[in-house]
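Residue strings, one per chain:
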Amino acid sequence: MNLLNFILLRWRILKYKLLSDCQKINGKPMVFHPVLLKGKGTISFGDKVQIGVLASPCFYSHYAYIEARTPQSKITIGNQVTLNNGFSAEAMGEITIKDKVLIGVHCAILDNDGHALDPNQRESGLPYVKPVMICENVFIGDRVTILKGVTIGANSVIGSGAVVTHDIPENVIAAGNPARVIRNI
């Protein structure tokens, strides 16, 4: 990376740090890509968490978005986790990512519906919230969406483009929309 690219990247990282408003942050990730930390809840990082990968798409054009929206919301990211470019996690309840998880480009994790499903309550009602758990040593491919209430078992692989709507057991490969188990590892 040449000096100009390095300076511009450092500026972008600083800009998003200044725009972040989450006050309850534990741990210090290795930030190689801009990250916006939002919300009134708690965001915790373990040791050796990496945000951004230089040798991946969208390194210079996107940012990571991590939001623990309410005072009770918690996002916990374990040790030795890599979050690739364009990652987003939005918790109204709880999202847990355990140790040694690899997450691809443009992945999203949501523990809620975003808005109430009833059309009469969509503007004012509360969305349905259910915790998300990603267990140890999981590999999540590019452009995967993980929805509320999902647990992904240890050592599993989620194929690129999958939409994970229900639990995935440990030691399997799952892919598709909705994601389904393709085979054991």
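Everything below is about the structure printed above this text.
Summarised in this report is the structure supplied together with it. As the structure is a prediction and not an experimental result, all values here were calculated from the model. (Residues numbered from 1 in each chain as written. Predicted model: local features only at pLDDT ≥ 70, side-chain atom pairs only at ≥ 80, totals over all residues. Heavy atoms only, no water.)

Time to look at the nonpolar core. The biggest cluster of nonpolar side chains holds 38 residues, and the ones touching the most others in it are Ile66, Ile97, Ile109, Ile134 and Ile146. For this core, the secondary-structure elements that each account for two or more residues are β3 (35–38), β4 (42–45), β6 (64–68), β7 (74–77), β9 (88–91), β10 (94–97), β13 (132–134) and β19 (172–175). The dominant element in this core, judged by the number of residues it contributes, is β6, at three residues. (Core = buried A, V, L, I, M, F, W, Y, C linked by side-chain atoms within 4.5 Å. Buried < 20%, exposed > 50% of the residue type's maximum accessible area, 1.4 Å probe, protein only. Helix = DSSP H or I, 4+ residues; strand = E, 2+ residues; numbered from the N terminus.)

Below, the discussion takes up the sheet that holds β7. Across the sheet, six strands lie side by side as β1-β4-β7-β10-β13-β16; this open sheet has parallel pairing. Looking at which strands have only one partner, the edges of the open sheet turn out to be β1 (24–26) and β16 (151–152). (Pairing = 2+ DSSP bridges.)

This part takes up helix α1 (residues 3–19). Think of an α-helix as 3.6 residues a turn; residues three or four steps apart then line up on the same face. Taking 1.5 Å of rise per residue, the 17 residues of α1 would be expected to cover 24 Å, and the 25 Å separating its terminal C-alpha atoms lies within 8% of that figure. Looking at α1, one finds that the buried residues are Leu9, Arg12, Ile13 and Tyr16. Taken down its axis, α1 places every buried residue within 95° of arc, on the same side. In α1, the exposed positions angled more than 90 degrees off the buried face are occupied by Leu3, Leu4, Trp11, Lys17 and Leu18. Those residues of α1 that are buried are in contact with β2 (30–31) and β3. (Expected span 1.5 Å × (residues − 1). Arc of directions from axis to C-beta. Contact = heavy atoms within 4.5 Å.)

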